[in-house]
Amino acid sequence: MDLHTSLERLDQRPYPAYKDLRGREFELDPYTLCVEHVQGDPFAAPSRLRIDLPADLMSLPAALIASSDARRASADFFQRALAAVLVDSPRGTGSGKSGVLEILATGPEVLDRSALQVFKTGAVRIRLSVGLPAAGRRILGRAAVELLVERLPRALDRVFPKPDLEALERHVHCVEDQVALRAQLDHAGLVAFLAEGSMLPRRSGVDSRPLVNAVPLSVPDSLSVTLDAPHAGRLRGMAIRKGVTLIVGGGYHGKSTLLSVVALGVYDHVPGDGRERVVTDANAITVRAEDGRAVRGVDLRPFIGELPLGRRTDLFDTDDASGSTSQAAAIVEALEAGATTLLIDEDTAATNFMIRDARMRALVPPEQEPITPYIDRVRQLWTEREVSSVLVVGGAGDYLDVADQVIQMDAYRPCDVSAEAAAVAKSLPLGGAAPRPPDPWPAACARRPAPSSLDPSKGKHSERVRSVKTRAIEFGREEIDLSLLFQLIDSAQCRSIGDLLLLLSRELVDGERSIPELLDAVEKMIDENGIDSVSERGYGDRARPRRFELAAALNRLRSLRLVASP
Ligand code: ADP
Ligand code: MG
């Protein structure tokens, strides 16, 4: 039976009769439609539709679907185009969510998403939310026909059979350029590249559009580097080099803005965003103090020595970390997950973790101070472990001694003050407060989560996992606080992290695999089987997270326990 007839037959029946549609495929030439989930009543979360477009519908040029990056960019383009059309299309009447027809909203980043996927063959899969129409709790069959048989294909027709190929190509090229530029960073000795003219600031903390009338990024010669983008050609931009980079300058001169743009340069951005030619080492992690968090079996010895009352720091465990121990743990965890660049802003760092000045070193003898401040380790991280640091320091001049490159932000314009900084460091020596040559970096043991410590059950539910925007994940009886993870940018990523924690608890955490091995297994699965493999519920509201944010969620799970090392 076709969709039209099926819907008309449901007219005036009680709402649950919509369940007849579930799992059935209907031809809406050239689209195939399937209702994957039927809402319980008109007021519940909307139903879920899957729409498949055949490979030959658009005959997309091969270059736009050849690589996984091109497919991700093409999908992102279509998702945005369809979202714009759906927003415009008038919603019908009815109770509750009747007539809602939506695709998940996106931020300015181009992520691998389940809402719209383009496959190697050129086939396209779309997932929408739909409010199946009712008056009260009676099905409105005619309104359902209008919604699904008329309005939906009309909206799809505006985007698909004949897409704006030029705009699509621009979108794909923009993303491919970012991928290519990012791939050049390592060889060029860079942590980040920011093309001249980029627009760094956003309108506000809750509005990610570019700030109007912002000062575009200028690049002084001594900071400049030229990279080749496959489509945009040669690009001049600002180099943030590997090693230790300081961002200095007066308050309100754009230091934190620069660092945050560098942090988000691990993602690709859409054309027009202002940051679409800013790329950063994909393994860069923002670390900060986060007092109150739990820490499980982390080897803090690089930063924390003997603690009062003989607490172990080689397997540090706490339910309530301090500012400095939380930041130390964040760094050790980041290295464990594979970070090659650490990003730290003094605004969110623990001062006693970052430095200890001459007077404090004189007052509190080293034997009584358990903390080896970051300043003592930052060079060693680079020279022995090839981990770079980019640090915003407005106040801590001691860092001038350990920097390779110093960038001053002056009224939003970067200047290279490396030479001046070295001269200042020489003329005002630190004497007794100079960074101490640190002990060797201790070799950490592998952390292997214990299977029983990931328990997704709550009450009568054997598995209950939900996410709260990008702020938190409810995992069984626990709530994992993710609100301070700067590079967790999308609630769809957060949902996927919830799914992946569940997957870890079901099958991957076996007491044998270490955390990096677990992260590798998850990444391999998504690489091979796509974003849909993250969640068995094929809802269109998932996006791929980075391994680092997944690791961060696992590390913040208070119930986490480790298997004792042999
Ligand atoms: P700092 O960390 O140096 O104190 P911020 O990076 O927080 O400064 O920036 C201060 C303010 O200046 C912010 O409101 C930010 O949006 C704005 N801002 C940053 N960069 C620019 C720019 N290039 N043009 C205009 N305004 C900017
Ligand atoms: Mg700041």
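Quick notes on the rules
Residues numbered from 1 in each chain as written. Chains lettered and ligands numbered in written order. Predicted model: local features only at pLDDT ≥ 70, side-chain atom pairs only at ≥ 80, totals over all residues. Heavy atoms only, no water. Near = heavy atom within 4 Å. Polar contact = N/O pair within 3.5 Å; in protein donor to acceptor, adjacent residues only side chain to side chain. Nonpolar A, V, L, I, M, F, W, Y, C, P; charged D, E, K, R; others polar. Pairing = 2+ DSSP bridges. Helix = DSSP H or I, 4+ residues; strand = E, 2+ residues; numbered from the N terminus. Axes fitted to C-alpha atoms, helices over the stretch in contact; angles between N-to-C directions. Contact = heavy atoms within 4.5 Å. Salt bridge = Lys/Arg side-chain N within 4 Å of Asp/Glu carboxyl O. Buried < 20%, exposed > 50% of the residue type's maximum accessible area, 1.4 Å probe, protein only. Core = buried A, V, L, I, M, F, W, Y, C linked by side-chain atoms within 4.5 Å. Donors = N, O, S within 2.8 Å, 3.2 Å for Na, K, Ca; no water. Parallel < 35°, antiparallel > 145°, perpendicular 65-115°, else oblique. Left-handed = near helix turned anticlockwise from the far one by under 90°.

Q: Help me understand the site of ligand 1 in this model?
A: As a structural note, the neighbourhood of ligand 1 is formed by 13 residues, with V215, Y252, K255, S256 and T257 the closest of them. Contact between ligand 1 and S256: an oxygen atom at 2.9 Å from a side-chain N or O atom of the residue. The contact in question runs from an oxygen atom of ligand 1 to an N or O atom on the side chain of Y412, over 2.9 Å. Residues of the shell around ligand 1, tallied by class, amount to six nonpolar, six polar and one charged.

Q: What is the right way to read the sheet that holds strand 15 (residues 278-280) from this model?
A: Sheet strands pair by backbone hydrogen bonding; their relative direction is either parallel or antiparallel. Overall, antiparallel pairing links the four strands, which are arranged 12-13-9-15 in an open sheet. The sheet terminates laterally at strand 12 (224-229) and strand 15, the two strands that pair on one side only. The sheet shows a mean angle of 35 degrees between the axes of neighbouring strands, taken without regard to direction. Seen against the sheet, helix 5 (residues 255-264) touches strand 9 (190-195), strand 13 (233-241) and strand 15 and runs at an angle of roughly 110 degrees to strand 9.

Q: Is there a simple way to explain the pattern of salt bridges in this structure?
A: If charged atoms from side chains of opposite charge come close, those side chains can pair. Going through the model one piece at a time under the given rule, you end up with 44 salt bridges. Here R236 makes a salt bridge to D221, at a shortest N to O gap of 2.7 Å. With R236 in strand 13 and D221 in the loop between strand 11 (207-210) and strand 12, the pair connects residues that are 15 residues apart, well separated along the chain. A residue is classified by how much of its surface remains accessible, and R236, at 26% relative accessible area, is partly exposed. Its salt-bridge partner being R275, residue D273 comes within 2.7 Å of it at the nearest N-O pair. Owing to a relative accessible area of 4%, D273 belongs among the buried residues under this scheme. Overall, the relative accessible area of 3% leaves R275 in the buried class. Here the residues in one salt-bridge network are E25, E36, R50, D52, R125, R127 and D532, joined through shared partners.

Q: Help me out: how do you make sense of the sheet that holds strand 20 (residues 388-392) in this one?
A: Reading across the sheet, the six strands line up as 16-19-20-14-21-22 and stay open at both edges, with mixed pairing between neighbours. Looking at which strands have only one partner, the edges of the open sheet turn out to be strand 16 (284-286) and strand 22 (413-416). If you compare each strand with its neighbour and ignore which way they point, the axes differ by 20 degrees on average. Strand direction decides the pairing type here: strand 19 (residues 341-345) and strand 20, joined by five bridges, are parallel.

Q: For this particular structure, what's the right way to read the nonpolar core?
A: Soluble, globular proteins show a tendency: their nonpolar side chains are buried together. In this structure, Y374, L391, Y399 and L501 are the most contacted members of the largest nonpolar core, which totals 76 residues. Residue contributions to this core peak at eight residues, all from helix 6 (residues 323-337). Beyond its immediate stretch of four places on either side in the chain, L501 contacts L454, I473, F475, I480, L550, A553 and L554. Counting residues in hydrophobic clusters, the runner-up holds 55 residues, among them L21, F26, V118 and L128.

Q: Just to check I follow, could you spell out the coordination of the magnesium ion (ligand 2) for this structure?
A: Each angle at a metal carrying four tetrahedral donors should ideally be 109.5 degrees, and each at a metal carrying six octahedral donors should ideally be 90 or 180 degrees. Coordination sphere of the magnesium ion (ligand 2), protein contribution only: S256 (OG) and D347 (OD), at 2.1 to 2.4 Å. Here the residue S256 occupies a position in helix 5, and D347 occupies one in the loop between strand 19 and helix 7 (351-354), the gap between them amounting to 91 residues. The class for D347 is exposed, based on a relative accessible area of 58%.

Q: Could you clarify how one ought to interpret the pairing of strand 22 in this entry?
A: Looking along a regular strand, one sees side chains alternate from face to face of the sheet. As paired strands, strand 21 (residues 405-410) and strand 22 are joined by four bridges and run antiparallel to one another. Paired with M409 across the strands is P414, a residue of strand 22. In textbook terms, the turn of a hairpin is the stretch between consecutive antiparallel strands, and for strand 21 and strand 22 this stretch comprises two residues, one of which, A411, has a positive phi near 50 degrees.

Q: Is there a simple way to think about the environment of S452 in this case?
A: Tracing the chain through its elements places S452 in the loop between helix 10 (418-427) and strand 23 (465-468). With a relative accessible area of 68%, S452 lands in the exposed category. Residues S452 and L562, spaced 110 residues apart in sequence, show a C-alpha to C-alpha distance of 9.8 Å.

Q: I'm lost on the side chain of R127 in this one. Help?
A: Summarising the element assignment, R127 is placed in strand 6 (residues 124-130). Judged by its relative accessible area of 5%, R127 is buried. Separated by 3.0 Å, the side chains of R127 and D532 make a polar contact.

Q: I keep staring at the environment of E176 and nothing clicks. Help me out?
A: Structurally, E176 is set in helix 4 (residues 165-188). Once the C-alpha coordinates of E176 and R209 are considered, the two residues, 33 residues apart in sequence, prove to be 22 Å apart. In this structure E176 touches A63, S67, A70, P230 and H231, once residues within four positions along its chain are discounted.

Q: Teacher, can you tell me more about unusual backbone geometry here?
A: For residues that are not glycine, phi is negative in most cases, and the peptide bond is trans in most cases. In the segment running from D29 into P30, the intervening peptide bond is cis, with an omega of 5 degrees. You can see P30 is positioned in the loop between strand 1 (25-28) and strand 2 (31-37). For Q12, which is not glycine, the phi dihedral falls at a positive 70 degrees. Tracing the sequence through the fold places Q12 in the loop between helix 1 (3-10) and strand 1. The residue Y412 is not glycine, and still its phi comes out positive at about 70 degrees.

Q: Looking at this structure, how should I read the packing of helix 1 against helix 3 (residues 141-159)?
A: For the pair helix 1 and helix 3, the least separation of the axes is 7 Å and the interaxial angle reads 155 degrees. As the angle between them shows, helix 1 and helix 3 are arranged roughly antiparallel. In the crossing of helix 1 with helix 3, the sense of the turn from one axis to the other is right-handed. Facing helix 1, whose interface residues are L3, H4, L7 and E8, helix 3 presents G141, R142, A144, V145, L148 and V149. Grouping the amino acids of the contact of helix 1 with helix 3 by side-chain chemistry returns six nonpolar, two polar and two charged.

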